[in-house]
Amino acid sequence: MAASSQLEFLTEEQINQFHRDGSAAHITYFRVGVKGDVQEMRSRSKQLLDEFDISNHPMTKFVTGDSNQSEKAHVGDNYFLNSGDKIRYFLEEDAVGSDGKLNRPKELAVNKIGHALHELDPIFRRVTLKNERLRSLARDLKFHKDPVVPEHNDRYGSPIGPQYTDPVSALGFWFALEDCTPSNGALSFAPGSHLTHTVDRRFVRTANGGTGFEKLCEPAAPLRDEDYIMKPCPAGTLVLIHGGVLHKSERNTSEKTRYAYTFHMIESEPPAIYDEKNWLQLIRIAIDVDKQCEKDGLNSDWYLKATLAT
């Protein structure tokens, strides 16, 4: 553990909490970013939804099969699999009626926007890739030696699990863009579950196309509902999430939206191996990385090095 005088951003208490519980909540975002970032991201999210053209959308729904729905239903069409270097829109499971049309306004039909907001949108890019305080936070946490960021999403509902590496190295950054309450989908965690429950399955590309869950090992005894602690938080909160901790977010059935922006940071190769079965596969970005880093005032090892290969 680093001495307090050596820490740039986090406190020792926050670092201890992260390693003990698998999450560190209620880090005020305005300490991480620039005043107004939350409002800008929220406004930009609404603008993206306004600009979303449903007329040529394939009606791809965000379904992982990790619910009470049929396990055979997973999001895995080309619109989803080819989204790593694009800004695309994924619908709620029940947003499309039997007639093939939306059964609600499009602003309420979208589950998430992904997966290249960090690259293609200047506001999300600034917050994520040009944020010195986030880099200070990562240095304090010492969770990675050489981190990269494979995906970014503006999420409204339950997420796909982070990309799998061996050893497991995913670190989630979850920004509340609106107040998160028990009625609109606040996060819940099982404290310490990253120490007691090994990752037993992962979301992968399947050999015959599409996606599914692959079993890694026998699962540990399932947790009870009372093992989870809900963490409501106000807009402007950053939650750090260990890639191995069990967490969830119930569906938002209220009339209030719950915008959140998330990304995962993983370890580079070596020492971590990025699995070839991950649904999101890595390629070099089609830009001059060194030149872009110089322009942004970044070191290349902090720059997003890869996105989806199709």
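Here the structure is a predicted model, which is why all the values come from computation and not from measurement.

Cut-offs and rules
Residues numbered from 1 in each chain as written. Predicted model: local features only at pLDDT ≥ 70, side-chain atom pairs only at ≥ 80, totals over all residues. Heavy atoms only, no water. Core = buried A, V, L, I, M, F, W, Y, C linked by side-chain atoms within 4.5 Å. Buried < 20%, exposed > 50% of the residue type's maximum accessible area, 1.4 Å probe, protein only. Helix = DSSP H or I, 4+ residues; strand = E, 2+ residues; numbered from the N terminus. Phe/Tyr/Trp six-rings, centres within 6.5 Å; stacked < 30°, edge-to-face > 60°.

Undergrad: Looking at this structure, I do not really get the nonpolar core. What am I missing?
TA: In a soluble, globular protein the nonpolar side chains are often hidden away together inside. The biggest cluster of nonpolar side chains holds 51 residues, and the ones touching the most others in it are Phe173, Phe175, Leu238 and Leu240. Ranked by size, the runner-up nonpolar core spans 11 residues in total, among them Trp174, Ala176, Ala186 and Leu187.

Undergrad: Would you take a moment to explain unusual backbone geometry for this structure?
TA: With the exception of glycine, most residues fall at negative phi, and the peptide bonds are largely trans. Following Gly114, the chain continues into His115 via a peptide bond in cis, with omega recorded as 5°. Residue position: His115 is located in strand E3 (residues 110-115). In this model, Met59 sits at a positive phi of 60°, which is unusual for a non-glycine residue. Along the chain, Met59 turns up in the loop between helix H3 (37-51) and helix H4 (78-81). Relative accessible area serves as the criterion here: at 22%, Met59 is assigned to the partly exposed category. Its identity as a non-glycine residue notwithstanding, Lys142 has a phi of 55°, on the positive side. With respect to the element layout, Lys142 can be found in the loop between helix H8 (132-141) and strand E4 (147-155). Here Lys142 falls in the exposed class, since its relative accessible area comes to 58%.

Undergrad: What's the story with the packing of aromatic side chains in this structure? I'm lost.
TA: Two aromatic rings, taken as a pair, are described by how far apart their centres are and by the angle between their planes. Going through the model one piece at a time under the given rule, you end up with 9 aromatic pairs. Measuring from centroid to centroid gives 6.1 Å for Phe175 and Tyr261, while their planes differ by 25°, and the two rings are stacked. Of the two residues, Phe175 sits in strand E6 (residues 171-176) while Tyr261 sits in strand E13 (residues 260-267), which places them 86 residues apart along the sequence. With respect to burial, Phe175 and Tyr261 carry one shared label: buried. Aromatic side chains Tyr261 and Phe263 sit 6.3 Å apart centroid to centroid with 55° between the ring planes, which places their arrangement in the tilted category. For Tyr261, a relative accessible area of 0% gives the class buried. Of the aromatic side chains, those joined through ring pairs into one cluster are Phe124, Phe173, Phe175, Tyr261 and Phe263.

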